[in-house]
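So you can see what is in the structure, the chains are spelled out below.
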Amino acid sequence: MKTALTTPVNSNQTTQTSQLIPASPTSVENPSTWMRDGYSPTEIILAVAILTSLSIGGIASVIMAITGLVKTLVRPTSEKTK
């Protein structure tokens with residue numbers, strides 16, 4: 001048993017024509033706008049680099065301070081046992 005799909009023909013069908021509209025070129029924002037508005041890619045990269053170096057420097061200074069404190073506290077304890 002074969003079944004066939006049939007599409008009813010509508011005599012009132014109309015065709016629409018469309019006109020091709022050339023795509024407008026994408027606008028690139030002026031770098032001075034980036035700097036004025038504060039979201040320049042270069043500005044963001046520099047800010048991240050500066051904050052990273054400051055945080056690494058801060059962490060290093062905390063580690064050095066703790067190391068100095070431990071050395072200061074451990075010396076008298078080890079000298080007392082001799």
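Residues numbered from 1 in each chain as written. Predicted model: local features only at pLDDT ≥ 70, side-chain atom pairs only at ≥ 80, totals over all residues. Heavy atoms only, no water.

1. Quick look at the overall build of the protein chain
Right, on to step 1. When helices and strands are counted, the protein chain shows two helices and zero strands.
Right, on to step 2. Split into buried and exposed, the 82 residues of the protein chain put 2% on the buried side.
Right, on to step 3. By element, 65% of the accessible surface of the protein chain is carried by carbon and sulfur atoms, the whole surface being about 8,300 Å². (Helix = DSSP H or I, 4+ residues; strand = E, 2+ residues; numbered from the N terminus. Buried < 20%, exposed > 50% of the residue type's maximum accessible area, 1.4 Å probe, protein only. Areas by Shrake-Rupley, 256 points an atom, 1.4 Å probe, with all protein chains shown as cover.)

2. A short note on a nonpolar patch on the surface
Right, on to step 1. Residues Val 62, Ile 66, Leu 69, Val 70, Leu 73 and Val 74 make up a contiguous nonpolar surface patch of roughly 550 Å² in combined accessible area.
Right, on to step 2. Relative to the helices and strands, Ile 66 resides in helix 2 (residues 41-80). (Patch = residues over 30% accessible without salt bridge, like charges linked within 9 Å, V, L, I, M, F, W, Y side chains within 5 Å. Salt bridge = Lys/Arg side-chain N within 4 Å of Asp/Glu carboxyl O.)

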